[in-house]
Amino acid sequence: MPLIPLCGSKWRLGLVVLLVCAVIFELDAQEQRTTPRRTPKPSKGPRSTSKGPRAATVKPKIKASPAQALLTQVLTKGKFKKVGETISVQTGDTLELRCRGKPVQWSVPSYLEEDDDGRLKIVQHERYGALTLVNTTGADTGEYTCYPMYCEDKDCRKEYNKAVKVFVFFPDPQELFVPSSNYYDVIQLRTNWPTRLPCQVTSPEAKVSLHREFPPAEVAVDGTEISFDVKKGFTIHRPQQHHAGFLYCVASLGSLRQSSIKYMLIYVNYPMAPPAPVIQASSSSVAVGENLRVSCTVMGERNVVTEVNWDYPAQEIGRPLYTQESMSPVSGGPAQQQFQSVLLVDEVRDVDSGTYTCTAQNLQGAKSVSTTVKVVPKAKAKKP
């Protein structure tokens, strides 16, 4: 084998090895130039422990309030409709409502709450509550409400301001009014307090009028003194004496015409405020054997009944006392009257010393006022 070619081949191999080593060395140097050096942080020395260990700050978890409830009606499987203020469902059909929220609580007409016959089913799912009512009748007509619940641990409360409600009519071809077990209802008419006559119909299409039984006449509904709402009935906004008596409603739809139950309206003159009695004794110091008069005066509206009751020291031992009551109109202002009750204590004794309390009460409330009377020994007559 020739010597020169072999030596040339070894020389070329060595040259390649040197070139590869040079390239590797250059890349390593370049990487060291581009990589920033980490400078160790200077030590701050040992920390002082004079203030004790630092407590960890934990931010309190605030639970978000549930969003506004969304109420939908299930029309068919997989088909939903957002409800408005009212909806109509034919009697016999199934009412199915869904309310978004976890959890939610339902409110239904009192008829359904009291008569649990298995037709009403309420289920809470993962993200919504479902209400299902089967075999529906006209008696199911009323308001259905969904309340989102705000819960902390096991304590839950209704979010009234986020509730959503719908009034559901169940039109019945045979019954225009929601059935009632009563032949008549007694309703109290209170002064300056709106009074409602339900007259609840099963169909929003029914025409409803208000009538007086005696003398027979239709009552005018002007929208101001008396108004009508198909979801609520008739409202007498400012009841007066002439509104009292027997009233009833008449509904008509197509060729069907029916009357409601009767409402017996009783007028009661309610006062504007509780009484404000004033008490006064004939003397704060009375000698044994003398007479004592303690008066309780109440100013109020005319035709308003005011009751006055007394508490006195000798009541504990059963000593009977007497009262005088009087009532008189007050002129020169609005229709007012003065009621006065006077407690008479004849020939006072030591047991009559103490606190006298007058409690005046009307339909709006009661208030008590007191005064103290001291009984002193009878003065001895001076010798001439």
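About the thresholds
- Residues numbered from 1 in each chain as written.
- Predicted model: local features only at pLDDT ≥ 70, side-chain atom pairs only at ≥ 80, totals over all residues.
- Heavy atoms only, no water.
- Helix = DSSP H or I, 4+ residues; strand = E, 2+ residues; numbered from the N terminus.
- Buried < 20%, exposed > 50% of the residue type's maximum accessible area, 1.4 Å probe, protein only.
- Contact = heavy atoms within 4.5 Å.
- Areas by Shrake-Rupley, 256 points an atom, 1.4 Å probe, with all protein chains shown as cover.
- Pairing = 2+ DSSP bridges.
- Axes fitted to C-alpha atoms, helices over the stretch in contact; angles between N-to-C directions.
- Polar contact = N/O pair within 3.5 Å; in protein donor to acceptor, adjacent residues only side chain to side chain.

What follows is about the overall build of the chain. Broken down by element type, the chain carries 2 helices and 27 strands. Counting all 384 residues of the chain, 33% fall into the buried class. Within the chain, counting contacts between residues at least 6 apart in sequence, those at least 24 apart form 66% of the total. Total accessible area on the chain stands at roughly 26300 Å², and carbon and sulfur atoms take up 53% of it.

Turning to the sheet that holds strand 2 (residues 79-82), a few remarks are in order. Spatial strand order, 2-1-4-7-6: 5 strands in an open sheet with antiparallel pairing. If you trace the sheet from one side to the other, it starts and ends with strand 2 and strand 6 (120-124), each paired once. Neighbour-to-neighbour, the strand axes of the sheet open up by a mean angle of 25°, direction not taken into account. Where strand 1 (residues 71-76) and strand 4 (residues 95-100) come together, 3 bridges link them in antiparallel fashion. When the sheet's bridge partners are listed, Thr72 is paired in strand 4 with Arg98.

Before going further, it helps to spend a moment on the side chain of Arg319. Looking at where Arg319 falls in the secondary structure, it is placed in the loop between strand 23 (307-311) and strand 24 (322-330). Residue classification places Arg319 among the buried residues on the basis of a relative accessible area of 11%. Here the side chain of Arg319 touches Asp352 through a polar contact of 2.2 Å, side chain to side chain. Filtering out sequence-adjacent residues up to four positions away, Arg319 remains in contact with Tyr312, Ala314, Val345, Asp346, Glu347, Arg349 and Asp352.

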